[in-house]
Amino acid sequence: MSPDRHTLAAPYALSALPPREERRFARHLGRCAVCAGEVRALREDAVRLARAVAVPAPEGMRERVLAAIRTVEQDRPAPVPGRRTVTVAPRRTWGVRLAAAGAAFAVAAAVLLGVLWTRAERDLDGRRAEAAAVTEVLAAPDAAALSARGGGGGLNAVVSRELGRAVVTLSGLPRPARGRTYQLWAMDEQPGTIRSAGLPEPAEPFVASLGPTVRTLAVTEEPEGGSRRPTGDPLLQLPLGGT
Amino acid sequence: MAHDLEGKLLTLVAEGDQGAFEELYGLVSGPVYGLVRRVLRDPAQSEEVAQEVLLELWRGAPRFDAAKGSGMAWTLTLAHRRAVDRVRSARAAREREERAGRRAEGPAFDQVVETVEGRLEREWVRRCLDALTELQRQSVTLAYYEGFTYREVARRLSLPLGTVKTRMRDGLLRMRACLDGGAA
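The shown structure was predicted, so the numbers you read here are calculated from the model rather than taken from an experiment.

Some details on the overall build of chain B
Next, step 1: Scanning chain B from N- to C-terminus turns up eight helices and zero strands.
Next, step 2: Ordered by position from N to C terminus, the α and β elements of chain B give α-α-α-α-α-α-α-α.
Next, step 3: Within chain B, buried positions represent 45% of all 184 residues.
Next, step 4: Once local pairs closer than 6 in sequence are excluded, the contacts in chain B between residues at least 24 apart make up 63%.
Next, step 5: Per element, the accessible surface of chain B, about 9400 Å² overall, is 50% carbon and sulfur.

As for the confidence of the model for chain B
Next, step 1: Put simply, chain B has an average pLDDT of 90, and 89% of its residues get 70 or more.
Next, step 2: Interface confidence for the predicted complex, given as ipTM, is 0.91, next to a pTM of 0.61.

Some thoughts on the sheet that holds strand β6 (residues 206-209) of chain A
Residues and elements named next belong to chain A.
Next, step 1: Judged by pairing direction, the sheet is antiparallel, and its four strands sit side by side in the order β1-β2-β3-β6 without closing on themselves. Each of the sheet's edge strands pairs with one partner strand only, and the pair in question is β1 (144-150) and β6. Each neighbouring strand pair of the sheet contributes to a mean axis angle of 25 degrees, computed without reference to strand direction.
Next, step 2: With seven bridges connecting them, strand β2 (residues 153-160) and strand β3 (residues 165-171) associate as antiparallel partners. Residue pairing for β3: S160 is matched across the bridge by R165.

Quick notes on the packing of aromatic side chains
Next, step 1: On inspection of all chains with the given rule, the structure shows four aromatic pairs over all chains.
Next, step 2: Their ring planes at 55 degrees and their centres at 5.0 Å tell us that Y12(A) and F25(A) sit as a pair that is tilted. Within this pair, whereas Y12(A) is found in helix α1 (residues 9-13), its partner F25(A) is found in helix α2 (residues 19-29), the two being separated by 13 residues in sequence.
Next, step 3: Note on F21(B) and W58(B): the rings are 5.9 Å apart at their centroids and 85 degrees apart in plane angle, and the pair reads as edge-to-face. Taken as a pair, F21(B) in helix α2 (residues 18-40) and W58(B) in helix α3 (residues 43-60) lie far apart in primary sequence, 37 residues in all. The same class applies to F21(B) as to W58(B), namely buried.

Re the environment of F64(B)
Residues and elements named next belong to chain B.
Next, step 1: Position of F64 relative to the elements: it lies in the loop between α3 and α4 (71-99).
Next, step 2: Here F64 falls in the buried class, since its relative accessible area comes to 10%.
Next, step 3: In the structure, F64 is positioned 51 residues away from V13 in sequence and 9.9 Å away in space, judged by C-alpha atoms.
Next, step 4: With sequence-adjacent residues up to four places away left out, F64 is seen in contact with D4, G7, L10, T11, G69, S70, G71 and W74.

Observations concerning a positive patch on the surface
Next, step 1: Together, R20(A), R23(A), R24(A), R27(A) and R31(A) make up a positively charged patch on the protein surface.
Next, step 2: With respect to the helices, strands and loops of the structure, R27(A) is situated in helix α2.

What to know about the sheet that holds strand β7 (residues 214-223) of chain A
The strands making up a sheet associate through hydrogen bonds between their backbones, and the pairing can be parallel or antiparallel.
Residue and element names in this part refer to chain A.
Next, step 1: Across the sheet, four strands lie side by side as β5-β4-β7-β8; this open sheet has antiparallel pairing. On the outer flanks of this sheet lie β5 (194-198) and β8 (236-239), each paired with one strand and no other. In this sheet, adjacent strand axes meet at a mean angle of 30 degrees when their direction is disregarded.
Next, step 2: Two strands pair when backbone bridges link them, and strand β4 (residues 180-188) and β7 are joined in this way by nine bridges, in the antiparallel orientation. If you follow D188 over to β7, its bridge partner there is V214.

Brief notes about the state of the cysteines
Next, step 1: Applying the stated criterion across every chain, the model contains one disulfide over all chains.
Next, step 2: Between the sulfur of C128(B) and that of C178(B) lies a disulfide, 2.0 Å long from S to S. Taking the sign of the torsion about the S-S bond as the criterion, the disulfide between C128(B) and C178(B), at about -75 degrees, is left-handed. Taken together, the residues span a long stretch of sequence, with C128(B) in helix α5 (residues 116-130) and C178(B) in helix α8 (residues 161-182) at a distance of 50 residues.
Next, step 3: Look at C128(B) and you get buried, because its relative accessible area is 5%.
Next, step 4: Relative accessible area serves as the criterion here: at 27%, C178(B) is assigned to the partly exposed category.
Next, step 5: With no disulfide of its own, C32(A) lies closest to C35(A) among cysteine sulfurs, the gap being 3.2 Å.
Next, step 6: The class of C32(A) is buried, set by a relative accessible area of 10%.

How each quantity is defined
- Residues numbered from 1 in each chain as written.
- Chains lettered and ligands numbered in written order.
- Predicted model: local features only at pLDDT ≥ 70, side-chain atom pairs only at ≥ 80, totals over all residues.
- Heavy atoms only, no water.
- Helix = DSSP H or I, 4+ residues; strand = E, 2+ residues; numbered from the N terminus.
- Buried < 20%, exposed > 50% of the residue type's maximum accessible area, 1.4 Å probe, protein only.
- Contact = heavy atoms within 4.5 Å.
- Areas by Shrake-Rupley, 256 points an atom, 1.4 Å probe, with all protein chains shown as cover.
- pLDDT = per-residue confidence, 0-100.
- Pairing = 2+ DSSP bridges.
- Axes fitted to C-alpha atoms, helices over the stretch in contact; angles between N-to-C directions.
- Phe/Tyr/Trp six-rings, centres within 6.5 Å; stacked < 30°, edge-to-face > 60°.
- Patch = residues over 30% accessible without salt bridge, like charges linked within 9 Å, V, L, I, M, F, W, Y side chains within 5 Å.
- Salt bridge = Lys/Arg side-chain N within 4 Å of Asp/Glu carboxyl O.
- Lys, Arg positive; Asp, Glu negative; His and termini not counted.
- Charge placed at Lys NZ, Arg CZ, Asp CG, Glu CD.
- Disulfide = S-S within 2.5 Å.

This is the structure in structure tokens:
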């Protein structure tokens, strides 16, 4: 390889290479740790050049961008050696069904799988089993997506009556205070028939079982370890409507 | 990276965390917009490109690799690339117009509001850039702020390619030493 290659790190970091040279050097970086290290450091220098000309973004951009991300799908993560990536075949079928519940939730549901497959797994077997349980519900032919908003948070559920299970995710809720936990409740049509459906953590997909007579899901905040019956008003309530 | 807040947020964004994205937006929207604006000059185009970049942060967050550099570096590299691509095509179009004998419209210039925090950073960088040799500074700023390739820079400064590449590297390293040395 020409020794000249290594002198391209600075222009590369400044985006000052013409397209073909840029592509060639990018390939070279994959094989040259020294150049990769140089580029990494020089890019941080370029950050300072950029910060020196920072200007607040114009009014309205924030709302437009935040609105846009609700309907834009995220890319699948790039395959990383050593990290397992799995494609789930049923994706297309439930994707169409979920679209009926709103583009925003369809995106969230699609990302759900991404979270499970790419997160660093401490408890590998536990995670794998959990991921399989989630996938099973999402892939069920009668999977239906529902969500409820309230108090800045959201209760999102993908429900399969056939399986008698729902994948539930709490969004937008803060971490519960120390010694407290969120608790999910499953309520029948008859008032008073209410049973705990588990202790979900914020933003973590959670598989809950649903008896055939359950009509509503609700979330309250309870002491750590959960309560037998809710001790306060529901933070969020999700009627399971047509499912 | 010890304090890579943007990187930590990007990792959360990659998992679909919209709250994390909002926080990230707050941290990077100024640097992104300002950089794009500095390269493109035209406010309308700058807004368009900056928006695309910010949206791409959401879309492409799963590709961010903290091992390869900070979140801010990843973000600004993306922003800079897009801005540079745009300014180069605009420039090429203008040159075609000029060659065809038509007078090309220049880029719109207007006042850009400075923020107080930006001013400090701006001052430091300006002083450290001033401490470089003329050729080091020009090589860096013509490339970074004006979007010229190193070959175009060489042509403009009437220098051999090798010299321009070296000046770029030396300029950045000296700026780094100056900023790190000067930071209290």
